[in-house]
Every structure is written in structure tokens, then in C-alpha cells.
Amino acid sequence: MKVFSVSRMTLGLLAFCSVVMARDLDQDEALRLRQQGVILPLEQLLQQALDRYPGSKLLEAELEEKHDVYIYEVELLTTEGVVRELDIEAATGRLLKDKED
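Source: prediction; values computed, not measured.

Reading the values: rules and limits
Residues numbered from 1 in each chain as written. Predicted model: local features only at pLDDT ≥ 70, side-chain atom pairs only at ≥ 80, totals over all residues. Heavy atoms only, no water. Core = buried A, V, L, I, M, F, W, Y, C linked by side-chain atoms within 4.5 Å. Buried < 20%, exposed > 50% of the residue type's maximum accessible area, 1.4 Å probe, protein only. Helix = DSSP H or I, 4+ residues; strand = E, 2+ residues; numbered from the N terminus. Contact = heavy atoms within 4.5 Å. Arc of directions from axis to C-beta. Pairing = 2+ DSSP bridges. Salt bridge = Lys/Arg side-chain N within 4 Å of Asp/Glu carboxyl O.

Asker: Tell me about the nonpolar core, and please be specific about residues and values.
Answerer: The biggest cluster of nonpolar side chains holds 15 residues, and the ones touching the most others in it are I39, A49, L63, Y72, V74 and L76. Contributions of two or more residues to this core are made by helix 2 (27-35), helix 3 (42-52), strand 3 (69-77) and strand 4 (83-89). The contacts of I39, once residues within four sequence positions are left out, are A30, L33, R34, L63, Y70, Y72, A90 and A91.

Asker: Break down helix 3 for me, citing the residues and quoting the values.
Answerer: If you check which residues of helix 3 are buried, you get L45, L46 and A49. What you see down the axis of helix 3 is that its buried residues fit within an arc of 105°, all on one side. Set apart from the buried face of helix 3 by more than 90 degrees, the exposed residues are E43 and D51. For helix 3, the elements touching its buried residues are strand 2 (57-66), strand 3 and strand 4.

Asker: Give me the lowdown on the pairing of strand 4, citing residues and values where you can.
Answerer: Counting buried positions along strand 4 gives 6 out of 7 residues, so the element sits mostly inside the fold. By the bridge criterion, 7 bridges tie strand 3 to strand 4 in an arrangement that is antiparallel. Bridging across to strand 4, I71 finds its partner in E89. Connecting strand 3 to the antiparallel partner strand 4 that follows it, the hairpin turn spans 5 residues, and G81 within it adopts a positive phi of roughly 85°. Taken together, the 5 bridges between strand 4 and strand 5 (residues 95-100) define a ladder with antiparallel strand orientation.

Asker: Please set out unusual backbone geometry residue by residue, giving values where relevant.
Answerer: The residue H67 is not glycine, and still its phi comes out positive at about 50°. Relative to the helices and strands, H67 resides in the loop between strand 2 and strand 3. We classify H67 as exposed; its relative accessible area is 55%. In the Ramachandran plot, D68 falls in the positive-phi region, its phi being about 65° despite a non-glycine side chain. Here D68 shows up in the loop between strand 2 and strand 3. On the basis of relative accessibility, which here comes to 69%, the residue D68 falls in the exposed class.

Asker: Which residues make up the pattern of salt bridges, and what values do they have?
Answerer: Summed over all chains, the structure comprises 10 salt bridges. Close ionic contact of D98 with R52 constitutes a salt bridge, the shortest N to O distance being 2.7 Å. Of this pair, D98 sits in strand 5 while R52 sits in helix 3, and the two are 46 residues apart along the sequence. Under the relative-accessibility criterion, D98 is labelled partly exposed at 21%. Residue classification places R52 among the partly exposed positions, given a relative accessible area of 45%. Where E89 meets R94, a salt bridge forms, and the shortest distance between an N and an O atom there is 3.0 Å. E89 gets classed as buried once you look at its relative accessible area, which sits at 14%. Look at the salt bridges and you will find they share partners, linking E64, K66, E85, D87 and K97 into a network.

Set out below in C-alpha cells:
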């Protein structure tokens, strides 16, 4: 029984830590990072995402910090009616994730 409760506690801590590791940045922080040259402009990276799915519409875009990496999380609605979630590294424009949401 002790092994089970330790395993549950470990899983709970892992889930908590993964949630804590992602942090949404507000527009003032994003502007400061962009002005300092730390991240690329959202407009530039958003165009890359839209080029990947021509005709798609932007649903949401936000800047997050995960494990000390700035990531634009972009949600698009494709012409087929599918919602895609793309994670783009804000400093380089490198696509990190592209999945159906």
C-alpha cells in the first residue's frame, strides 16, 4: 500500500511541476522582450504558421515561457474545419509542435 501512495504522490508532484513550468507572459513583457531582441515579432511567426495552412484563420495566439524557452502558442482553424495548435520557438521561429487540437 505504501508503494501505491508514493507513486500517486510522485505523479501528483510531476503534474504540478509541469503546470508550474509554463507561464503566460503579458503584452508588456512581450513588448520588452521584442524590443530587446530576445524574441521575434509575433506577426512574422504568425505568417509562417498561416503559410503552413493556407486559408486558415487565427483563433488565438499567446506567448508562454516553458523551461526557460519563450514559445508562441498559436491556434488556427483550417479550411477543413480542424483546429491546429502550433508551438513556435519565439527566439528562432523553429516549429516545436503541430498537432490537431
